[in-house]
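Next come the chains, spelled out residue by residue.
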Amino acid sequence: MKIDDISAFVAVVRNQSVSAAAEALGLTQSAITRRVQNLEQALGVELLDRSVKPPKPSAMGRQVFEQAGKVLQEVDRLRALVQADHAPTGVFRIGVIQTIGDVVLLDTLQKLNRTFKELHTEVSCGWGSQLVERVANAEIDAAIALFPATKVLPDGLSGRALGRIELVVVAKKETMPKRSYKLRDIFNTGWVLNPDGCGFRAGLARALAEQGLSFKINLETFGTDLQLGLAASGIGLGLMPRPILERSRHRSHLDIVNVSDFRPVLDIWLVQPLQPGPVQHAIDFFANAVEHAFAESPLKVVAR
């Protein structure tokens, strides 16, 4: 029996008609009919009840359909295994949140281009939840984002942690001299944060709401460097991954504020489809670059 014949029979059952199966596989109806007949001949049994319109799977046909689906899945895995052993070509679409991209993109893209010369990389930026949705919709091949360790991904996606990042509250140097504060002591100072949709901002908003405290935004803007510069100018408090702060040119003009009841920690996640695709080598390369970059940061990210 042939894989193409099995695929035709599965398509007929799934689409509940020969014409719909032909359209799905890009074949003529006669080609679909011939392939199903070839499979029936190979197995020595009728798989479709042709006494009804459209034809329905017979009792044995239903059993063969269930097993045939498993066979096709294994064939797909075999093809993916072979593809994964070769250098990827074509287009590699990766989504990266800006916080991670600010650290890794320039160096990693240069290394990707040198390593996979036949690969064209396209990078998308956005909030983590948006990027995960795009992976689920097959719009991009993988995403790098920051989420809590308890993050639940949609069906069909897998995720693994590449490291862990501590978020710190920062203020203009010497404006908050106490050794320790609580959110209640500082909430009214106001914040310089990303616009709505940012996971950092959402986590802070939840923490404030749990204590019945108001959420005061002095200024919202994109860009970690700009936010740190504004915080260093006294515009408001900032909330930033420690590795980003330690790399910043504004570091000497900022103090880390010890907030005893707010110590957020997030995992760096790689999110991708469950089934490896032809660009798996590129995904792994990018993930390793992210892991390496943050493991070398002054924070010494805890790899998981």
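This one's a predicted model, so the numbers in the text were calculated from it and none came from an experiment.

About the cut-offs
- Residues numbered from 1 in each chain as written.
- Predicted model: local features only at pLDDT ≥ 70, side-chain atom pairs only at ≥ 80, totals over all residues.
- Heavy atoms only, no water.
- Helix = DSSP H or I, 4+ residues; strand = E, 2+ residues; numbered from the N terminus.
- Buried < 20%, exposed > 50% of the residue type's maximum accessible area, 1.4 Å probe, protein only.
- Contact = heavy atoms within 4.5 Å.
- Phe/Tyr/Trp six-rings, centres within 6.5 Å; stacked < 30°, edge-to-face > 60°.
- Lys NZ or Arg CZ within 6 Å of the ring centre and 35° of its normal.
- Salt bridge = Lys/Arg side-chain N within 4 Å of Asp/Glu carboxyl O.

Draft legend 1. Here's a closer look at the environment of Phe200. Within the secondary structure, Phe200 sits in helix H8 (residues 199–210). Judged by its relative accessible area of 10%, Phe200 is buried. Counting along the chain gives 41 residues from Phe200 to Gly159, while the straight-line C-alpha distance between them is 20 Å. For Phe200, the residues in contact, after removing those within four places along its chain, are Thr99, Leu146, Leu167, Leu239, Pro241 and Leu266.

Draft legend 2. Representation of the packing of aromatic side chains in the model. Taken as a whole and judged by the stated rule, the model has 3 aromatic pairs. For the pair Phe116 and Phe285, a centre-to-centre distance of 5.7 Å together with 75 degrees between the ring planes defines the contact as edge-to-face. In this pair, Phe116 is assigned in the loop between helix H5 (98–115) and strand S4 (119–125) and Phe285 in helix H11 (residues 280–295), connecting sequence segments 169 residues apart. Phe285 sits in the partly exposed class, given a relative accessible area of 22%. Over the ring of Phe147 we find Lys151; its NZ or CZ atom is 4.6 Å from the centre of that ring.

Draft legend 3. Here's a closer look at the pattern of salt bridges. Applying the stated rule across the entire model yields 11 salt bridges. Lys111 is the salt-bridge partner of Asp107, the closest N and O atoms lying 3.1 Å from each other. Here Asp107 pairs with Lys111, and both are found in helix H5, just 4 residues apart, close to one helical turn. On the basis of relative accessibility, which here comes to 33%, the residue Lys111 falls in the partly exposed class. Note that Arg134 is salt-bridged to Glu139, the shortest N-O span being 3.0 Å. Each of the salt bridges in this network shares a partner with another, and the network as a whole consists of Glu166, Arg242, Glu246 and Arg251.

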